[in-house]
Amino acid sequence: MRKYHVAFIGCGYVSSFYALTISNHPNIQLAGVFDINRDRAEKFIENFPTKIYSSYQDILLDKSIDIVVNLTDIPNHYEVSKNALKQGKHVYSEKPIAETIDQAHDLIVTSKQYNVQLSVAPCNLLSASSQAVANILKSKSLIGPTRLVYANIDDGPIYKMDYQNWISKTGVPWPYKEEFQMGCVREHAEYYIGLLCSFFGSAAEVCSMTYRLIDSNLYHGKNGPDFSVSCIRFENGTLARLNCCSMIPGDRSISIFCEKAVIRMQDCWDYNSDVWIQKYTFSNPREGKNQHLSLTTPKKIPLSEELNFHSPYLDSHQMDFSRGISEIAQSIAKGKNSLLNAQNALHILEVIEAIENAKEGMHKTVISSKFHRMQPYTPITRVVECII
């Protein structure tokens, strides 16, 4: 098996997760890093010994480097990826592919022009759990057509947490200002949009609402939304409701409602997440009338041993970040297009832009009538005593 040499451009917070998981994949090897902040690169190699390049251009000129991993901040994704592609390097980029659709189109044209591949995170659709769901969805005789999906990417009430003191294994602080500025949709929606598209095909239509519910002063300046709810209709007719939020208790589950069964995955950020299936059954089979449908006891679906992931770190997620790098290396070796290819990444970005374009106040119908709230029956003192 050929081992592809990989270089990281950017040694920020997320780079540790890539470095911690790269040893899971014998077809790739970390050969060097660069960061505009030399101290950050020095701290990185203290934990993950490798070469430090003097500039990212030196990486691009090094003929021994096969794949450039673009871990820069989002505003630099386009420039770094394009320069790498023009030097004949294959690129694996952190999400999103670029800031704009036009930039994404240009990167696709450039990759074709220089006959190299551009692949884009996230790679959670390659997890054992996601692949288990994908296989169940192929069993139409078992589950019937898919009707509806409820997907949640709720990351917990971050504003209540000690996020200013979160640091990576290499001592890099969590970039909370950038995270809040981008907002929950651009930071996290891709995890489910890509997964849903891999299940149901291209998204055809988007209807959404986005809000910022927490005062910006708590988030250190002007920021993106901290809540979004979207309805996405896919080309096969499936309708998905996607919640994305950073202010309520964490929930990264997905429920897929089919004609004959319900499929559930507990956490899209856990590559070995439990997957369950329940079939519809009549709740009162002894009676010939007034029967109601209910669900059978959940049956746990076995996950692929080949895709099993043993996490080398403890965090709120258990993801094999380097699996995407390994996948593009496999695609290069086989002369095939990466599953995480740039065209798919562009489609995901277009869906994200459609969600974000539903700014507060747009597509709003003002209700003129009033609802008169009633008083609770239970005396408030009794309720308070119960809670305390």
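Structure's up top.
Description of the structure in this document. (Residues numbered from 1 in each chain as written. Predicted model: local features only at pLDDT ≥ 70, side-chain atom pairs only at ≥ 80, totals over all residues. Heavy atoms only, no water.)

Side note on the sheet that holds strand β3 (residues 67–70)
Strands in a sheet are paired, the pairing made by backbone hydrogen bonds, and the direction either parallel or antiparallel.
Moving on, step 1. A sheet is described by the order of its strands in space; here 5 strands give the open sequence β2-β1-β3-β4-β5, paired in parallel fashion. At either margin of the open sheet sits one strand with a lone partner, and together these are β2 (28–34) and β5 (118–120). Direction aside, neighbouring strands of the sheet carry axes that sit 25 degrees apart on average.
Moving on, step 2. Of the strand pairs in this sheet, strand β4 (residues 90–93) and β5 are connected by 3 bridges, and their pairing is parallel. If you follow valine 91 over to β5, its bridge partner there is leucine 118.
Moving on, step 3. Relative to β4, helix α4 (residues 77–86) is tilted by about 160 degrees, and along the sheet it contacts β1 (4–9), β3, β4 and β5. (Pairing = 2+ DSSP bridges. Helix = DSSP H or I, 4+ residues; strand = E, 2+ residues; numbered from the N terminus. Axes fitted to C-alpha atoms, helices over the stretch in contact; angles between N-to-C directions. Contact = heavy atoms within 4.5 Å.)

A word on the environment of isoleucine 332
Moving on, step 1. Tracing the sequence through the fold places isoleucine 332 in helix α10 (residues 323–334).
Moving on, step 2. Once the C-alpha coordinates of isoleucine 332 and aspartate 66 are considered, the two residues, 266 residues apart in sequence, prove to be 9.9 Å apart.
Moving on, step 3. The residues touching isoleucine 332, leaving out its near neighbours within four places in the chain, are Tyr4, Ile67, His90 and Gln117.

Digging into the side chain of serine 81
Moving on, step 1. Positionally, serine 81 belongs in helix α4.
Moving on, step 2. Excluding residues within four positions of it along the chain, serine 81 makes contact with Asn70, Val91, Ser93 and Leu107.

Quick look at unusual backbone geometry
Moving on, step 1. In this chain, lysine 95 is followed by proline 96 through a cis amide linkage whose omega measures -10 degrees.
Moving on, step 2. With respect to the helices and strands, the residue proline 96 is situated in the loop between β4 and α5 (101–113).
Moving on, step 3. For asparagine 115, which is not glycine, the phi dihedral falls at a positive 55 degrees.

Topic: the environment of lysine 260
Moving on, step 1. Along the chain, lysine 260 falls in the loop between β10 (254–258) and β11 (261–265).
Moving on, step 2. Taking the C-alpha atoms as reference, lysine 260 lies 7.1 Å from leucine 142; in sequence the two are 118 residues apart.
Moving on, step 3. Those residues in contact with lysine 260, other than ones at most four positions away along the chain, are Ser141, Leu142, Ile143, Gly144, Gln278, Lys279 and Tyr280.
Moving on, step 4. At 3.1 Å, the side chain of lysine 260 forms a polar contact with the backbone oxygen of serine 141. (Polar contact = N/O pair within 3.5 Å; in protein donor to acceptor, adjacent residues only side chain to side chain.)

As for the pattern of salt bridges
Moving on, step 1. Scanning the entire structure with this criterion turns up 11 salt bridges.
Moving on, step 2. Two residues, glutamate 259 and arginine 147, come together in a salt bridge whose shortest N-O distance is 3.0 Å. With glutamate 259 in the loop between β10 and β11 and arginine 147 in strand β6 (residues 146–154), the pair connects residues that are 112 residues apart, well separated along the chain.
Moving on, step 3. A relative accessible area of 43% places glutamate 259 in the partly exposed class.
Moving on, step 4. A relative accessible area of 48% places arginine 147 in the partly exposed class.
Moving on, step 5. The network of salt bridges with shared partners includes Asp155, Arg252 and Asp267. (Salt bridge = Lys/Arg side-chain N within 4 Å of Asp/Glu carboxyl O. Buried < 20%, exposed > 50% of the residue type's maximum accessible area, 1.4 Å probe, protein only.)

Some details on the packing of helix α8 (residues 176–188) against helix α11 (residues 342–356)
Moving on, step 1. Across the interface, α8 lies against α11 with an axial gap of 9 Å and an inter-helix angle of 125 degrees. Viewed along their axes, α8 and α11 adopt a mutual orientation that is oblique. Taken as a pair, α8 and α11 cross one another with a handedness that is right-handed. Contacts between α8 and α11 involve Met182, Val185 and Arg186 from the first element and Leu349, Ile352, Glu353, Ile355 and Glu356 from the second.
Moving on, step 2. When its residues are assigned to classes, the contact of α8 with α11 shows 5 nonpolar, no polar and 3 charged. (Parallel < 35°, antiparallel > 145°, perpendicular 65-115°, else oblique. Left-handed = near helix turned anticlockwise from the far one by under 90°. Nonpolar A, V, L, I, M, F, W, Y, C, P; charged D, E, K, R; others polar.)

Re the pairing of β10
Moving on, step 1. Along β10, 5 of the 5 residues are buried, which leaves the element largely enclosed by surrounding structure.
Moving on, step 2. Neither face of β10 is left uncovered, since the one carrying Ile254, Ile256 and Cys258 and the one carrying Ser255 and Phe257 both have all their residues buried.
Moving on, step 3. In the sheet, β6 pairs with β10 via 5 bridges, with the strands oriented antiparallel. Bridge pairing links leucine 148 to phenylalanine 257 in β10.
Moving on, step 4. Pairing geometry for β10 and β11, over 4 bridges, is antiparallel. Following the sheet pairing, phenylalanine 257 is matched in β11 by valine 262.
Moving on, step 5. Counted along the chain from β10 to the antiparallel partner β11, the turn is 2 residues long.

Points about the packing of aromatic side chains
Moving on, step 1. In this structure the tally under the stated criterion is 18 aromatic pairs.
Moving on, step 2. Taken together, a centroid distance of 4.9 Å and an interplanar angle of 55 degrees make the contact between tryptophan 166 and tryptophan 174 tilted.
Moving on, step 3. Tryptophan 174 sits in the buried class, given a relative accessible area of 9%.
Moving on, step 4. With a centroid separation of 5.3 Å and an interplanar angle of 65 degrees, the aromatic rings of tyrosine 191 and tryptophan 269 are classed as edge-to-face. A residue pair is termed long-range when its members are at least 10 positions apart, and tyrosine 191 in helix α9 (residues 190–200) and tryptophan 269 in the loop between β11 and β12 (275–282) qualify at 78 residues. One exposure class covers both tyrosine 191 and tryptophan 269, and it is buried.
Moving on, step 5. Among the aromatic residues, those joined into a ring-pair cluster are Phe8, Tyr13, Phe17, Tyr18, Phe44, Phe48, Tyr92, Tyr313 and Phe321.
Moving on, step 6. Taking NZ or CZ as reference, arginine 2 lies 4.1 Å from the ring centre of tyrosine 4, over its face.
Moving on, step 7. Stacked on the ring of tyrosine 150, the Lys or Arg arginine 241 has its end atom at 4.0 Å from the ring centre. (Phe/Tyr/Trp six-rings, centres within 6.5 Å; stacked < 30°, edge-to-face > 60°. Lys NZ or Arg CZ within 6 Å of the ring centre and 35° of its normal.)

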